[in-house]
Amino acid sequence: NNTVLIIDRTTNTVIAEIAVGIAPTDIAISSVLNRAYVTNSLSNNISVIDLASNTVIATIAVGVRPTGIAIFPSGTRAYVANSIANTISDVNLDNNTVTGTITSLSSQPLEIAINSEGTLAYVTLFL
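Reference entry: report on the structure contained in this document. (Residues numbered from 1 in each chain as written. Predicted model: local features only at pLDDT ≥ 70, side-chain atom pairs only at ≥ 80, totals over all residues. Heavy atoms only, no water.)

1. Details of the overall build of the protein chain
Counting its secondary structure elements, the protein chain contains zero helices and 12 strands. Order of helices (α) and strands (β) in the protein chain, N terminus to C terminus: β-β-β-β-β-β-β-β-β-β-β-β. Rg of the C-alpha trace for the protein chain: 14 Å, near the compact-globule value of 14 Å for 127 residues, within the 12% margin. Along the longest, intermediate and shortest principal axes, the C-alpha atoms of the protein chain span 45 × 30 × 25 Å. Within the protein chain, buried positions represent 41% of all 127 residues. Pairs at least 24 apart in sequence give 29% of the contacts found in the protein chain among residues at least 6 apart. Element-wise, carbon and sulfur atoms account for 53% of the exposed surface of the protein chain, whose accessible area totals about 6600 Å². (Helix = DSSP H or I, 4+ residues; strand = E, 2+ residues; numbered from the N terminus. Rg over C-alpha atoms; globule rule 2.2 N^0.38 Å. Buried < 20%, exposed > 50% of the residue type's maximum accessible area, 1.4 Å probe, protein only. Contact = heavy atoms within 4.5 Å. Areas by Shrake-Rupley, 256 points an atom, 1.4 Å probe, with all protein chains shown as cover.)

2. Some points on the environment of Ala52
Following the sequence through the fold, Ala52 ends up in the loop between strand S5 (45–50) and strand S6 (55–61). Put simply, Ala52 and Arg35 are 17 residues apart on the chain and 8.1 Å apart in space, counted from C-alpha to C-alpha.

3. Brief notes about the pairing of strand S10 (residues 97–102)
Pairing of strand S9 (residues 87–92) with S10, which is carried by five bridges, proceeds in the antiparallel orientation. Looking across to S10, one finds that Val91 is bridged to Val98. (Pairing = 2+ DSSP bridges.)

4. Regarding the sheet that holds strand S7 (residues 66–71)
Backbone hydrogen bonds are what pair the strands of a sheet, in a parallel or an antiparallel way. Reading across from one edge, S7-S8-S9-S10 is the order of the four strands in this open sheet, with antiparallel pairing throughout. Sheet topology places S7 and S10 at the edges, where each strand pairs with a single neighbour. With strand direction ignored, the average angle separating the axes of adjacent strands in the sheet is 25°. (Axes fitted to C-alpha atoms, helices over the stretch in contact; angles between N-to-C directions.)

5. A short note on the packing of aromatic side chains
Here the structure, examined in full by the defined rule, presents one aromatic pair. Seen in terms of ring centroids, Phe72 and Tyr79 are 5.0 Å apart; in terms of plane orientation they differ by 85°. Their pairing is edge-to-face. Here Phe72 matches Tyr79 in class, with each residue buried. (Phe/Tyr/Trp six-rings, centres within 6.5 Å; stacked < 30°, edge-to-face > 60°.)

Below is the structure:
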């Protein structure tokens, strides 16, 4: 239903339900910024959720059909896999802007993981 649920782990109960874009697909947390980032695959954007207030505070337009998202160890930068566009968006989380796009992908990127040093990104491709 195009929402994100916040669950209290101590009681296993839903404490908030937050409306986001169409077809939320993946979520990543920046503990540095105390925010969650949700890829909305049919809206072609990311919802930025402030974890203190459990509200959407921004929407970031990215490429076509964003699926996976990974946040760098610094907590202020993310890569987003845009599966239909065959691209990766480089997102500055401090100001919620796309600062670049990686375009040399051979097929649809789905998920991303970044190593603990922030020097390598691993991307799964759907052929």
